[in-house]
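What follows is the residue order along each chain.
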Amino acid sequence: MRKSKIMGLIMVLASSLTLAACQNNNHEKAPKKSSLPATYFSSANSESTQNQKQQIAINNFVSSLKKNYKKLFKVSYDEGTDTAKLVPISKDLKQIIKLSNQNNSEGIKAWDSFVSGLQKTSANVAKQTKDKNFKINMTDYSNQDKVLYSVQNGKVLTNAYK
């Protein structure tokens, strides 16, 4: 694959990730008002209420990921592990992974540019939802049990090509 084509892929894919990281901020927030009376919420259940709001925000964010990344990934969410799983479906992204698996320097360069967008997305979701445990895992398209990239609260946990 020619260098200019790979760099073009990087720009398109990275901009898709950055755009998704910044979009839908209004949809990621839990509702501001409850229809329940104020006396319903006591200090004993305020932590539970906060957790519910946080889960609503996470669910909204995952819905946003599904919508914004639908051409790049199949997105799923495991509430038990608080992890979004991204399985590459884009032909271009699969090509970048294939090249990176072959230790192709241009493929790895494209990979690094691409996953920097996921790192920004992770930092954004932690900030918006106040959930520091939310993880994003991108798997290999041919082996969904193999995590190629994992990020939590903007911090890289796994990067198969570093």
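Residues numbered from 1 in each chain as written. Predicted model: local features only at pLDDT ≥ 70, side-chain atom pairs only at ≥ 80, totals over all residues. Heavy atoms only, no water.

(A) Geometry of the overall build of the chain. Secondary structure summary: the chain contains four helices and five strands in total. The N-to-C order of helical and strand elements in the chain reads α-α-β-β-α-α-β-β-β. Split into buried and exposed, the 162 residues of the chain put 40% on the buried side. Once local pairs closer than 6 in sequence are excluded, the contacts in the chain between residues at least 24 apart make up 59%. In the form shown here, the chain has an accessible surface area of approximately 9,300 Å², with 49% of it arising from carbon and sulfur atoms. (Helix = DSSP H or I, 4+ residues; strand = E, 2+ residues; numbered from the N terminus. Buried < 20%, exposed > 50% of the residue type's maximum accessible area, 1.4 Å probe, protein only. Contact = heavy atoms within 4.5 Å. Areas by Shrake-Rupley, 256 points an atom, 1.4 Å probe, with all protein chains shown as cover.)

(B) The arrangement of the packing of aromatic side chains in detail. Tallied over the entire structure, the rule returns six aromatic pairs. Taking the centre distance of 6.3 Å and the plane angle of 80° together, the rings of Trp-111 and Tyr-149 count as edge-to-face. Remark: Tyr-149 occurs in strand E4 (residues 147-152) and Trp-111 occurs in helix H4 (residues 105-129); sequence separation between them is 38 residues. Across this residue pair, the class does not change: Trp-111 and Tyr-149 are buried. The structure contains a cluster of three or more aromatic residues connected by ring pairs, namely Phe-61, Tyr-77 and Phe-134. (Phe/Tyr/Trp six-rings, centres within 6.5 Å; stacked < 30°, edge-to-face > 60°.)

(C) How the structure looks around helix H2 (residues 46-68). With 23 residues, H2 should reach 33 Å at 1.5 Å per residue; the first-to-last C-alpha distance of 33 Å fits that figure. Among all positions of H2, only Thr-49, Gln-54, Ala-57, Ile-58, Phe-61, Val-62, Ser-64 and Leu-65 are buried. Contacts from the buried residues of H2 go to strand E1 (73-78), strand E2 (83-88) and H4. (Expected span 1.5 Å × (residues − 1).)

(D) Structural detail: the pairing of E1. One ladder, built from six bridges, connects E1 with E2; its direction is antiparallel. Bridge pairing in E2 places Phe-73 opposite Pro-88. What sits between the antiparallel neighbours E1 and E2 is a turn of four residues, in which Asp-82 has the positive phi angle 55°. (Pairing = 2+ DSSP bridges.)

(E) A look at the nonpolar core. Core analysis: the biggest nonpolar cluster contains 27 residues, and Phe-73, Leu-86, Trp-111, Leu-118, Phe-134 and Met-138 have the highest contact counts within it. Every element with two or more residues in this core is listed here: H2, E1, E2, helix H3 (91-101), H4, strand E3 (135-139) and E4. (Core = buried A, V, L, I, M, F, W, Y, C linked by side-chain atoms within 4.5 Å.)

(F) Summary view of unusual backbone geometry. For Lys-130, which is not a glycine, the phi torsion comes out positive at approximately 60°. The residue Lys-130 is located in the loop between H4 and E3 in this model. Accessibility expressed as a relative area gives 57% for Lys-130, which makes it exposed. Located in the positive-phi region is Asn-153, a residue other than glycine, with phi close to 55°. Along the chain, the position of Asn-153 falls in the loop between E4 and strand E5 (155-159).

(G) Fine view of the sheet that holds E2. Taken together, five strands build an open sheet; the order of strands is E1-E2-E3-E4-E5 and the sheet is mixed. One side of each edge strand has no neighbouring strand; the edge strands of this open sheet are E1 and E5. Taken over all neighbouring pairs, the strand axes of this sheet differ in orientation by 15° on average, direction set aside. Along the sheet, H2 contacts E1 and E2; its crossing angle with E1, the most-contacted strand, is approximately 165°. In the packing of H3 onto the sheet, the strands contacted are E1, E2, E3 and E4, and the crossing angle to E2 comes to about 90°. (Axes fitted to C-alpha atoms, helices over the stretch in contact; angles between N-to-C directions.)

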